[in-house]
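Letter by letter, the chains look like this.
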Amino acid sequence: MADKAVADFGLIGLAVMGQNLILNVADHGFTVCAYNRTTSKVDRFLENEAKGKSIVGAHSIEEFCAKLKRPRRIMLLVMAGKPVDQFIESLLPHLEAGDIIIDGGNSHFPDSNRRTKYLAEKGIRFVGSGVSGGEEGARYGPSLMPGGHEEAWPYIKDIFQSISAKSDGEACCDWVGDEGAGHFVKMVHNGIEYGDMQLICEAYDILKRGLGLPTNEIADVFAKWNKGVLDSFLIEITRDVLYYNDNDGTPLVDKILDKAGQKGTGKWTAINALDLGMPVTLIGEAVFSRCLSALKDERIRASSLLQGPAVPEFTGDKQAFIDDLEQALYASKIISYAQGFMLIQEAAREYGWKLNKPSIALMWRGGCIIRSVFLKDITNAYRNNPDLENLLFDDFFNKAIQKAQSGWRNVVSKGALWGIPTPAFSTALSFYDGYRTRDLPANLLQAQRDYFGAHTFRIKPEHANENYPEGKDIHVNWTGRGGNVSASTYIV
Ligand code: 2AM
């Protein structure tokens, strides 16, 4: 019978990611039903890639739903935005209470918040899941970050954890948290990816213009770094890109137009950081650096108009400087992840989500673009103390930053002296110095605000007295020049 419920899992959206995910699920012993808006793709898929596997197809939403065992587990891998809502609406008439809809696309987390609530009212459990790792990851083990209606988790856990990447035998997939938490964490992942890439590009620029190394020697440096603390997917692909020569025997990378593109997830992270008042400065700089690079025509004009220092011939110990650069990259990366987790922590507070921090680091440990050895240390930090206030307070990272510090400062100062921009290295260092500063100049800022706008200020506890009581909003008539303080002061 054509409409018999045979499939354990249904997937809508047969682009490469969707097809690969279906093949991955089928390889793990589940029967999958495939559907696509353009149904000719279903037939093509069944006749080719899916042939001989436990995969069936459907040519209508009704047939698709009929072929799924209850509770239905349906994953959407379609373009983010309207198509997701349209599919949800077309599925609803064919679903029953308790069925599960998973959106595995690159949806913005507020949409997943909305969909979780909307579908819960209809008795349908919604899951918004981050999926990272590209086509290869989808086929052989992605990083999966599901969040939403928690009741869905026991029904999808088995499938999700069996198809996901593994790190030291552990699945790079766990329940993230409520509503859009899965897509939120995926968004921060992408922001961190922007940051990691920018840091690598700055290191490349310093090696190229600061030390004057040819591209193949820069590749050698990345190859070496990939065996140490920076061991990661992004360092590995950087090495490969730098070793890649064009047909004429010269590095292809040198011929690529230096205008960065972006699809917006880094920007979402930066906007969210501003909304929540969290200083996620490195991702912000990474986004702005892409924007600056895109102004190529203007930069060409500026390059002949605006003066700066000429990069001097490097005379010191090259290897020692390269080691400093490795430490600068490592320390800045620690700052970036600390900032990312600050944002995640604040989002959990602001949106009322219960979040599982050790598993967030574990989910990023394998399968995804930011996968690295380093994430194992972050997983350990949060496993040792799930309530860790800041990643930098963890003993391992505190010591690592301490060790990296002199090299990091050397690189940032050389960049400034040589006129080679290091926005991500520099902002990381400024953040570090700001974060560890007990008394920042914001005292003056508060005075300025009170001067021109009567915005008030508070007094430091150690200076409190009857004129300046602790914990009260105080305004001073600053033009009185401090003559009769008590007469010109009022407490709000
Ligand atoms: P298609 O093959 O019919 O174009 C990635 O683009 C996936 O999203 C594809 O499966 C594609 O279906 C689907 N998709 C894109 N836009 C869509 C829309 N407006 N409605 C339904 N599916 C859409």
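In the nomenclature of an unreviewed UniProt entry, the chain corresponds to 6-phosphogluconate dehydrogenase, decarboxylating from the organism Aspergillus ibericus CBS 121593. Per its UniProt entry, the chain bears the Sequence similarities (unreviewed entry) comment "Belongs to the 6-phosphogluconate dehydrogenase family." Per its UniProt entry, the chain bears the Catalytic activity (unreviewed entry) comment "6-phospho-D-gluconate + NADP(+) = D-ribulose 5-phosphate + CO2 + NADPH".

**Concerning the packing of helix H14 (residues 318–351) against helix H15 (residues 357–365)**
At a closest axis distance of 12 Å, the pairing of H14 and H15 adopts a crossing angle of 135°. Taken as axis vectors, H14 and H15 run oblique relative to one another. Like other packed secondary-structure pairs, H14 and H15 cross with a definite hand, here right-handed. Residues Phe341, Ile344 and Gln345 of H14 lie in contact with H15, whose contacting residues are Lys357, Ile360, Ala361 and Trp364.

**Structural notes on the state of the cysteines**
As enumerated under the stated definition, the model contains 0 disulfides in all. Cysteine cysteine 172 remains unbridged, with the sulfur of cysteine 368 as its closest cysteine sulfur at 7.4 Å. We classify cysteine 172 as buried; its relative accessible area is 0%. The thiol sulfur of cysteine 201 is not disulfide-bonded, and the nearest other cysteine sulfur, from cysteine 291, lies at 15 Å.

**A look at the pattern of salt bridges**
According to the stated counting rule, one finds 29 salt bridges in the structure shown. Counted as one network, the salt bridges with shared partners bring together Asp85, Asp103, Asp111, Arg114 and Arg115.

**Side note on the UniProt feature "binding site: substrate" (unreviewed entry) in the chain**
Taking the numbering used here, the UniProt-annotated feature "binding site: substrate" (unreviewed entry) corresponds to Asn106, Ser132, Gly133, Gly134, His189, Asn190, Tyr194, Lys263, Arg290, Arg449 and His455. Their sequence span is 350 residues, while the largest C-alpha to C-alpha distance among them is 49.5 Å; these annotated residues do not converge on one region. Looking at where histidine 189 falls in the secondary structure, it is placed in helix H8 (residues 181–210). Relative to the helices and strands, lysine 263 resides in the loop between helix H10 (233–243) and helix H11 (265–276).

**Considering the UniProt feature "active site" (unreviewed entry) in the chain**
With numbering aligned to this structure, UniProt lists the feature "active site" (unreviewed entry) at Lys186 and Glu193. Along the polypeptide, lysine 186 turns up in helix H8. Mapped onto the elements of the fold, glutamate 193 is located in helix H8.

**Brief notes about the site of the ligand**
Every residue lining the ligand is accounted for by Gly13, Leu14, Ala15, Asn36, Arg37, Thr38, Lys41, Val78, Met79, Pro83, Gln86 and Phe87. In this structure, lysine 41 approaches the ligand through a side-chain N or O atom, which is 2.6 Å from an oxygen atom. Considering every element that reaches the shell around the ligand, the biggest residue donor is helix H4 (residues 82–91), with 3 residues.

**Remarks on the pairing of strand S4 (residues 73–76)**
Covered by surrounding structure in S4 are Arg73 and Met75 together with Ile74 and Leu76, the residues of both alternating faces. Across 3 bridges, the pairing between strand S1 (residues 9–12) and S4 is parallel. Its bridge partner being in S4, glycine 10 is matched across the sheet by isoleucine 74. Bridging between S4 and strand S5 (residues 100–103) involves 4 bridges; their strand directions are parallel. Looking across to S5, one finds that leucine 76 is bridged to aspartate 103. Taken together, S4, H4 and S5 constitute a β-α-β crossover, and its handedness is right-handed.

Calculation criteria
Residues numbered from 1 in each chain as written. Predicted model: local features only at pLDDT ≥ 70, side-chain atom pairs only at ≥ 80, totals over all residues. Heavy atoms only, no water. UniProt positions renumbered as here; feature names shortened; annotations may be inferred. Axes fitted to C-alpha atoms, helices over the stretch in contact; angles between N-to-C directions. Helix = DSSP H or I, 4+ residues; strand = E, 2+ residues; numbered from the N terminus. Parallel < 35°, antiparallel > 145°, perpendicular 65-115°, else oblique. Left-handed = near helix turned anticlockwise from the far one by under 90°. Contact = heavy atoms within 4.5 Å. Disulfide = S-S within 2.5 Å. Buried < 20%, exposed > 50% of the residue type's maximum accessible area, 1.4 Å probe, protein only. Salt bridge = Lys/Arg side-chain N within 4 Å of Asp/Glu carboxyl O. Near = heavy atom within 4 Å. Polar contact = N/O pair within 3.5 Å; in protein donor to acceptor, adjacent residues only side chain to side chain. Pairing = 2+ DSSP bridges. Right-handed = clockwise from strand over helix to strand, strands pointing away.

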